[in-house]
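Observations on the three-dimensional arrangement
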Amino acid sequence: MGKKKFKRYDHSDGFFQGSKGPKGPVRKFLELWLANVWTLLPLNVMYAMLRALLIPGGLAQAGMTKVTLDLSRGRHSFIASDFFETIRKSWRKALPAGLLILVLWIFLLLVGWFYFTSSGLLATMGLGCCMAAMFFLSLAEHYVFLQIVLLKLPLKKAFKNACILVFVDWKKNLLLGLVRLGYFAVALAIFMLLPYTVTPALLLVITVCFFPGLMQLLTQHCIFPGVKTYLIDPY
């Protein structure tokens, strides 16, 4: 009788490293989110309120990153207390990082609006470059806050690493970008198909109460392995 070949299983992160196992990554992630969807509800509201104030947006991002990272790794989290404790410990880096990212977003939006209202080939090319820069920034900022939460690095080094990791782990980052675009497509479809009296309230509830936790869990689920491989394991 020949030897049986067994699938290799890595107990550290719960993924099959060979061919498909009983549960694929998508199913495992959905189970993770569904198990925490109501636990994350108050955190989503706190996160949305701080992000709406703009300036403390970096603080909210750091707190949300810590909580969702622990949940995505199967670790226990006290949710609200961990959220505010992370803000207390990391505000010296999270606040300036959030302000810098906010300034970059404002700059890109103004430049993008200028090109959008202009005509000609150069304006079209400029708008395309601006949109690509927005897409890149939306991915890189998650790496910045993950490093702030996990590692003791200067902000300049954290931003540099983030820019590199966007390209190094491009497949997972492309997935995150497609999920974001999918959300906006669904939101647009809801806005167009449902009565106007219903859509604002429905989109507000989804955006505030459910989408932040879902997106942040997926983000940490995708980007942490790259950070671990390139920034944690070698040292």
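In what follows, the structure referred to is the one given above.
Throughout what follows, the structure given in this document is the object of discussion. Bear in mind that the values here come from a model prediction, so they are computed numbers and not experimental data. (Residues numbered from 1 in each chain as written. Predicted model: local features only at pLDDT ≥ 70, side-chain atom pairs only at ≥ 80, totals over all residues. Heavy atoms only, no water.)

**Topic: the packing of helix 3 (residues 57-72) against helix 5 (residues 121-150)**
- Here helix 3 crosses helix 5 at 70°, and the two axes come no closer than 9 Å. In this view, helix 3 runs roughly perpendicular relative to helix 5, as classed from their interaxial angle. Contact residues: Gly58, Gln61, Ala62, Thr65, Lys66 and Leu69 in helix 3; His142, Phe145, Leu146, Val149 and Leu150 in helix 5.
- Partitioned by chemical class, the residues of the contact of helix 3 with helix 5 number six nonpolar, four polar and one charged. (Axes fitted to C-alpha atoms, helices over the stretch in contact; angles between N-to-C directions. Helix = DSSP H or I, 4+ residues; strand = E, 2+ residues; numbered from the N terminus. Parallel < 35°, antiparallel > 145°, perpendicular 65-115°, else oblique. Contact = heavy atoms within 4.5 Å. Nonpolar A, V, L, I, M, F, W, Y, C, P; charged D, E, K, R; others polar.)

**What about unusual backbone geometry?**
- Even without being a glycine, isoleucine 79 presents a positive backbone phi close to 55°.
- Position of isoleucine 79 among the secondary structure elements: in the loop between helix 3 and helix 4 (80-116).
- A relative accessible area of 10% places isoleucine 79 in the buried class. (Buried < 20%, exposed > 50% of the residue type's maximum accessible area, 1.4 Å probe, protein only.)

**Here's the deal with the side chain of threonine 199**
- Along the polypeptide, threonine 199 turns up in helix 8 (residues 199-232).
- Classification of threonine 199 as buried rests on a relative accessible area of 0%.
- Leave out the neighbours within four places in its chain, and threonine 199 touches Ile190, Phe191 and Leu194.

**Observations regarding a nonpolar patch on the surface**
- Taken together, the side chains of Leu188, Phe191, Met192, Leu193, Leu194, Tyr196, Val198 and Leu202 define a hydrophobic patch exposed on the protein surface, amounting to about 850 Å² of accessible area.
- Here the element with the most residues in the nonpolar patch is helix 7 (residues 170-193); it accounts for four residues.
- The residue leucine 202 is located in helix 8 in this model. (Patch = residues over 30% accessible without salt bridge, like charges linked within 9 Å, V, L, I, M, F, W, Y side chains within 5 Å. Areas by Shrake-Rupley, 256 points an atom, 1.4 Å probe, with all protein chains shown as cover. Salt bridge = Lys/Arg side-chain N within 4 Å of Asp/Glu carboxyl O.)

**A short note on the nonpolar core**
- Judged by nonpolar contacts, the single largest core of 47 residues is most densely connected at Leu43, Val67, Phe83, Tyr143, Phe145, Leu176 and Leu217.
- Ranked by the residues each element gives to this core, the list is headed by helix 5, at 10 residues.
- Leaving out residues up to four positions away in the same chain, tyrosine 143 has contacts with Ala162, Leu165, Val166, Asp169, Asn173, Ile223 and Val227. (Core = buried A, V, L, I, M, F, W, Y, C linked by side-chain atoms within 4.5 Å.)

**Comments concerning the pattern of salt bridges**
- According to the stated counting rule, one finds five salt bridges in the structure shown.
- Between lysine 66 and aspartate 70 there is a salt bridge, and its shortest N-O distance comes to 3.5 Å. Here aspartate 70 and lysine 66 lie together in helix 3, a separation of four residues that amounts to about one turn.
- Looking at aspartate 70, the relative accessible area reads 7%, which means it is buried.
- A salt bridge links lysine 89 to glutamate 85, with the nearest nitrogen and oxygen atoms 3.8 Å apart. Remark: glutamate 85 and lysine 89 occur in helix 4; sequence separation between them is four residues, near one turn of the helix.
- With relative accessibility at 60%, the residue lysine 89 sits in the exposed group.

**Considerations on helix 6 (residues 155-168)**
- With 14 residues, helix 6 should cover 20 Å at 1.5 Å per step; its first-to-last C-alpha distance of 20 Å lies within 8% of that length.
- Here helix 6 has its buried residues at Ala158, Phe159, Asn161, Ala162, Leu165 and Val166. End-on view of helix 6: buried residues confined to an arc of 165°, all on one side of the axis. For helix 6, the exposed residues set more than 90 degrees away from the buried face come down to Lys156, Lys160 and Phe167.
- Against the buried residues of helix 6 lie helix 4, helix 5, helix 7 and helix 8. (Expected span 1.5 Å × (residues − 1). Arc of directions from axis to C-beta.)

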